[in-house]
Amino acid sequence: MATTKPSALLARLKPYLKPYWGTVIAVVLLAIPMAAIKGASAKVVQYLTDHVLVARDEKALLWLPLFIMALFSANFVLRFLHHSLIRAVATRAIQQLRNDLYSHLMKLSLGYFGDARGGKLVSRVILDVNQVSVGISSINQFVAEPLLFVGMISYIFYLNWRMAALTILVSPLVAILLGNTGKHTKRYTHRIQEAFAELSAILTETFAGMRVIKGFNLESFMRGQFMVQNRDLP
């Protein structure tokens, strides 16, 4: 399966996500308080340092642990709901996508299946389709991460505008570095998928053609193919 950006993948998945727009909107809305809680952790650490460790405020020492527990509990509940809703949408969308892919394969000519290796098709229908869940799960990135970034930069400006300006200057360099790292990771993931598809093809051919393999004494040949492909797995 070719490497695809999450945004492009989500665009292709629109027909499969359309029946679940209500759930998708709920996922997006949940990402907002999740980003706020994550950003608030910096303020909590600052307050803990200034009022508890330095000023030794006994009142703060009493209520701050309760506040931290409440914050983490809210974060846990929101993340649980967020993950459950995304998984529900991803599962239904992947099921429909797999059904459509199988129906498409059933319409292809017999010659196609003569040229295509069965193991690769099995890998495409089962393993590759599961990777679609990565694109669906990235919905959170388009809402929570930008909000978190804006909130943290605003807070840094509030504390120290010079530090904020330095952060803004450095951010493009960090983005470029992370972008290059992400590209290498995607290429590596794609190679792994292709390697597993080849290994799956060899296994399918072996089990389906065991009579032929035994009849022509091809065990050593097939064993060699399997060992070479297994060795080449990343």
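Placed above this text is the structure.
Residues numbered from 1 in each chain as written. Predicted model: local features only at pLDDT ≥ 70, side-chain atom pairs only at ≥ 80, totals over all residues. Heavy atoms only, no water.

A. The arrangement of the nonpolar core in detail. Within the largest apolar cluster, 12 residues are counted, these being L13, Y16, L17, V24, V89, A90, A93, I94, L97, V129, V132 and I136. For this core, the elements supplying multiple residues, two or more each, are α2 (14–17), α4 (58–107) and α7 (132–137). Examining the composition of this core, we find that 5 residues originate from one element, α4, more than from any other. Within the second largest apolar cluster, 6 residues are counted, among which are I37, V44, L71 and L78. (Core = buried A, V, L, I, M, F, W, Y, C linked by side-chain atoms within 4.5 Å. Buried < 20%, exposed > 50% of the residue type's maximum accessible area, 1.4 Å probe, protein only. Helix = DSSP H or I, 4+ residues; strand = E, 2+ residues; numbered from the N terminus.)

B. Quick peek at unusual backbone geometry. With a phi angle near 55°, N217 is a residue other than glycine that sits in the positive phi range. Topologically, N217 is positioned in the loop between α10 (210–215) and α11 (219–231).

C. Region of the structure containing the pattern of salt bridges. Applying the stated criterion to the full structure yields 1 salt bridge. For K214, the salt bridge identified is with E219, shortest N-O distance 3.9 Å. Among the residues examined, E219 registers a relative accessible area of 25% and is labelled partly exposed. (Salt bridge = Lys/Arg side-chain N within 4 Å of Asp/Glu carboxyl O.)

D. Here's a closer look at the environment of P65. Within the secondary structure, P65 is located in helix α4. On the basis of relative accessible area, P65 is assigned to the partly exposed category, the value being 38%. Each C-alpha atom of the pair P65 and L48 lies 9.6 Å from the other, and the pair is 17 residues apart in sequence.

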